[in-house]
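Here is what each chain is made of, one letter per residue.
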Amino acid sequence: MYHYVRDLQNTRYPAIKGLDVRLFREQLAFFKKHYNFITAAQLIDAYENGTELPPKSLLLTFDDAYLDHYTCAFPLLDEYNAQGLFFVPVKAIMNHEVLIVNKIHHVLAVCDKDIIGLVKQVKGLLAPYEGKNGVQTFDYYFDKLAVANRFDGKEVIFIKRLLQVELQEPVRSVIINKLFNQYVTDDESAFSRELYMSEDQLKCMQRNGMIIGSHGYDHFWLGSLAKEEQLSELTQSVNFLKGLGVDMNTLSIGYPYGSHNEDTLGIARGFGFKLGFTTKVDVANTQGDFLTIPRLDTNDFPKDSAADVNEWYKR
């Protein structure tokens, strides 16, 4: 699973949590040496027909349709003869809006040296809403959400969870937009066009063997939505993919944030999705459910072509 893949040191946001393109090349060379790249069609055939896959099979997936994927990842995938699955959030492409998650990423990148200061600022922005319309206190949210994970410290996790999913609309949007306008830009449309791929670029990759899949419409946590809202999210996404000319025989989805529930899976089956990818950290098993496939992160593998294999290879 990949997100940002870019020439980090030569961008405006070198502190963003991404993979430098030089390390991506090293990782592809490592994969070429120790694994076998497979395609979505091969994986679908294995799930549907029990067709045996090559040993140490590996499939590469990319979330959020960043322009980086076209300019940096796509040329190297072509060089290494590897297929990528690219999961596209429709709103970002069609409406030229910046996803909430990406606004937060870029604010965090700008404030990388003063995360504590950013947390204090969020506390101040939250204060006018506390005790109104179900909004809790800052301390309540911090105690609940500030738990470090394997990639981020507790303050970063707090900001992500609070502003991505915990706060209700419109409070969440008001706070995020104030921070984004202050630290990043007040020209959201121009920033969006710089951040995400265009329809033409998606079509170009598709013509050259890449697979374009669903990442919802608005990049919401699907598992937190009512069934009708989930249906709307996936209907708009599937219609967009049809407009791109996506082959419905390889229709795939990467659930935003990995979030899904039984309603999500039922809707996905109804649309005929062939593959569904979560963010559960594990090796995939073709004896499992084809709509709840786990994924490993780029950080779970070496980024050095000469590196030894690690525990994931042994599994």
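Residues numbered from 1 in each chain as written. Predicted model: local features only at pLDDT ≥ 70, side-chain atom pairs only at ≥ 80, totals over all residues. Heavy atoms only, no water.

**Some points on the overall build of the protein chain**
In terms of regular secondary structure, the protein chain is built from 14 helices and nine strands. For a compact globule of 315 residues, the expected C-alpha radius of gyration is about 20 Å, and the protein chain comes in at 20 Å, within 12% of that figure. Considered along the principal axes of its C-alpha atoms, the protein chain spans approximately 60 × 45 × 35 Å. Burial status across the protein chain gives 50% buried among its 315 residues. Long-range contacts, defined as pairs at least 24 residues apart, comprise 65% of the intrachain contacts of the protein chain with a sequence gap of at least 6. Carbon together with sulfur atoms contributes 48% to the accessible area of the protein chain, which is approximately 14300 Å² in total. If the 33 positive side-chain charges of the protein chain are averaged to one point and the 41 negative ones to another, these points end up 2 Å apart. (Helix = DSSP H or I, 4+ residues; strand = E, 2+ residues; numbered from the N terminus. Rg over C-alpha atoms; globule rule 2.2 N^0.38 Å. Buried < 20%, exposed > 50% of the residue type's maximum accessible area, 1.4 Å probe, protein only. Contact = heavy atoms within 4.5 Å. Areas by Shrake-Rupley, 256 points an atom, 1.4 Å probe, with all protein chains shown as cover. Lys, Arg positive; Asp, Glu negative; His and termini not counted. Charge placed at Lys NZ, Arg CZ, Asp CG, Glu CD.)

**Overview of helix α9 (residues 171-183)**
Look at α9: 19 Å from first C-alpha to last across 13 residues, which is about the 18 Å you get at 1.5 Å a residue. By the burial criterion, the buried members of α9 are V171, R172, I175, I176, L179 and F180. Summarising the axial view, the buried residues of α9 lie within an arc of 155°, below the 170-degree limit, and thus occupy one face. Taken together, the buried residues of α9 touch α5 (100-110), α6 (115-126), α8 (154-166) and α10 (188-195). (Expected span 1.5 Å × (residues − 1). Arc of directions from axis to C-beta.)

**Structural notes on the pattern of salt bridges**
In this structure the tally under the stated criterion is 16 salt bridges. Here K160 ties to D152 by a salt bridge, and the two come within 2.8 Å at their closest N and O atoms. Assigned by exposure class, K160 and D152 land together as buried. Where salt bridges share partners, they join D7, D20 and R22 into one cluster. (Salt bridge = Lys/Arg side-chain N within 4 Å of Asp/Glu carboxyl O.)

**Observations regarding the packing of α6 against α8**
Taken N-terminus to C-terminus, the directions of α6 and α8 make an angle of 35°; their axes are 9 Å apart at the nearest point. The hand of the α6/α8 crossing is left-handed. From α6, I115, I116, L118, V119 and V122 reach across to α8, where they touch E155, V156, F158, I159 and L162. Class assignment of the residues belonging to the contact of α6 with α8 gives a composition of nine nonpolar, no polar and one charged. (Axes fitted to C-alpha atoms, helices over the stretch in contact; angles between N-to-C directions. Left-handed = near helix turned anticlockwise from the far one by under 90°. Nonpolar A, V, L, I, M, F, W, Y, C, P; charged D, E, K, R; others polar.)

**Comments concerning the packing of helix α7 (residues 138-145) against α8**
Two elements in contact, α7 and α8, have axes whose closest approach is 9 Å; the angle formed by their N-to-C orientations is 110°. Classed by the angle they form, the pair α7 and α8 counts as roughly perpendicular. Facing α7, whose interface residues are F138, Y141, F142, K144 and L145, α8 presents I157, F158, R161, L162 and E166. Its residues placed into classes, the contact of α7 with α8 shows seven nonpolar, no polar and three charged. (Parallel < 35°, antiparallel > 145°, perpendicular 65-115°, else oblique.)

**Overview of the layout of surface pockets**
Taken as a whole, the largest pocket encloses approximately 1100 Å³ of empty space. Considering the residues around the largest pocket, the lining is formed by 41 residues, among which H3, H105, F151, D152 and K160 are closest to the centre. Those elements that place two or more of their residues in the lining of the largest pocket are α5 and α8. The dominant element in the lining of the largest pocket, judged by the number of residues it contributes, is α8, at five residues. Looking at the lining of the largest pocket, its residues break down into 19 nonpolar, 11 polar and 11 charged. Approximately 650 Å³ is the volume found for the second largest pocket. Lining the second largest pocket are 32 residues, and of these S57, L58, L59, V283 and A284 sit closest to its centre. Put simply, the parts of the chain that give the lining of the second largest pocket at least two residues each are α1 (21-34), α2 (40-49), β4 (57-58), β5 (60-63) and α14 (311-314). (1 Å grid on protein atoms, 1.4 Å probe; cavity = no way out; pocket = protein on both sides within 12 Å on 5 of 7 lines; lining within 4 Å. Points joined across faces, edges and corners; volume = space filled by probe spheres on them.)

Keep in mind these numbers describe shape, not what the thing actually does.
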